[in-house]
Amino acid sequence: MTLRIGETAPDFDVETTNGKINFHDWIGDSWAFFFSHPADYTPVCTTEMGRTAQLADEFAKRNTKPIGLSTDTVEEHKTWILDVNDTQNTSLTFPIVADPDLKIAKLYEMIHPSESATAAVRSVFIIDPNKKIRLTMTYPMSVGRNFDEILRVIDALQLGDAKRVATPADWRPGDKVIIPPSISNDEAKDIFPQGWDEVRSYLRLTEV
Ligand code: BEZ
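Residues numbered from 1 in each chain as written. Predicted model: local features only at pLDDT ≥ 70, side-chain atom pairs only at ≥ 80, totals over all residues. Heavy atoms only, no water.

**Q** How do you make sense of the nonpolar core when you look at a structure like this?
**A** Soluble globular proteins: nonpolar side chains tend toward being buried together. If you look at the biggest cluster of nonpolar residues, it comprises 24 residues, and the most contacted ones within it are Phe33, Met49, Leu92, Ile126 and Ile150. Of all the elements in the fold, those that place two or more residues in this core are β3 (31–36), α2 (43–54), α4 (74–88), β6 (122–127), β7 (133–139) and α6 (147–163). With six residues, the top contributor of residues to this core is α6. Sequence-distant contacts of Ile150, that is, excluding residues within four places in its chain, are made with Phe33, Phe59, Ile126, Met137 and Arg145. Judged by nonpolar contacts, the second largest core, of 23 residues, contains Leu102, Ile104, Tyr108 and Met110. (Core = buried A, V, L, I, M, F, W, Y, C linked by side-chain atoms within 4.5 Å. Buried < 20%, exposed > 50% of the residue type's maximum accessible area, 1.4 Å probe, protein only. Helix = DSSP H or I, 4+ residues; strand = E, 2+ residues; numbered from the N terminus. Contact = heavy atoms within 4.5 Å.)

**Q** Would you mind showing me how to read the packing of α2 against α4 here?
**A** Geometrically, a packed helix pair is captured by the angle between its two axes and the distance between the axes. Put simply, α2 and α4 touch, their axes get as near as 9 Å, and they point 75° apart. The orientation of α2 relative to α4 falls into the category roughly perpendicular. Contacts between α2 and α4 pair Cys45, Thr46, Thr47, Met49, Gly50 and Gln54 from the former with Trp80, Val84, Thr87 and Gln88 from the latter. Among the residues forming the contact of α2 with α4, the class breakdown is four nonpolar, six polar and no charged. (Axes fitted to C-alpha atoms, helices over the stretch in contact; angles between N-to-C directions. Parallel < 35°, antiparallel > 145°, perpendicular 65-115°, else oblique. Nonpolar A, V, L, I, M, F, W, Y, C, P; charged D, E, K, R; others polar.)

**Q** Explanation requested: the side chain of His77 in the structure shown.
**A** Here His77 lies in helix α4. Owing to a relative accessible area of 0%, His77 belongs among the buried residues under this scheme. In this structure the side chain of His77 is engaged in a polar contact, spanning 2.7 Å, whose partner is the side chain of Asp40. Not counting chain neighbours up to four residues away, the residues in contact with His77 comprise Thr17, Asp40, Ser70, Asp72, Ile96, Val97 and Ala98. (Polar contact = N/O pair within 3.5 Å; in protein donor to acceptor, adjacent residues only side chain to side chain.)

**Q** Looking at this structure, I do not really get the domain arrangement of the chain. What am I missing?
**A** Under the domain assignment, the chain is made up of domain 1 (13–145) and domain 2 (164–206). Taking only C-alpha atoms, the centre of domain 1 and the centre of domain 2 are 35 Å apart. (Domains from an automatic or database assignment.)

**Q** Explanation requested: the sheet that holds strand β8 (residues 177–179) in the structure shown.
**A** Where strands meet in a sheet, backbone hydrogen bonds hold them as pairs that are either parallel or antiparallel. Taken together, the three strands give an open sheet; going across it, the order is β8-β10-β9, and neighbouring strands pair in antiparallel fashion. Edge positions in the sheet fall to β8 and β9 (197–200), since each of these pairs with one other strand and no more. When strand polarity is set aside, the average angle formed by the axes of neighbouring strands in this sheet is 40°. Here β9 pairs with strand β10 (residues 203–206) via three bridges, running antiparallel. Residue pairing for β10: Arg200 is matched across the bridge by Leu203. (Pairing = 2+ DSSP bridges.)

Quick look at the structure:
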């Protein structure tokens, strides 16, 4: 099964470092940043876990809960977290899914067999409060993710939902946004009374 944007994120019950959870219940009315990594006690993963913990306030500001996964056990995760906290100077409190039998990793297509039959690649799923998949990204094992981009895309998705806009290349909060082609000029006059720059009939930029 291919997991696509707009589809409901598959639900599951699983053991995590914060106890047993039902994924959808755990997401609740929040957004979720669900991400996999190859293994505990590996260098790139250690920096990513530390960075996620350091950004706890940034995720909370965006009503977004981080949750990690690797195909290790709760006991392994818990002892590794001590190392993450020590080496990355942080305090990791978000849950990490234990998936030693690869059940969730396979459900979310985090195992790419040409890379490894047992370790997950670096998958990202941004899931909204309706449990819909809003973004997927896949990074190779050897490249740590860009957490500025993860926060940026959450900002862009949430702004798009709130204001009915799209965001241009390299958009940053505060930059001009795009009025989507699905909104006619007549409708746009009501939604964007501040007006817009019409660069082309299909490219209208406004401020929100
Ligand atoms: C790492 O986290 O450092 C890593 C894990 C698997 C392959 C390559 C790097």
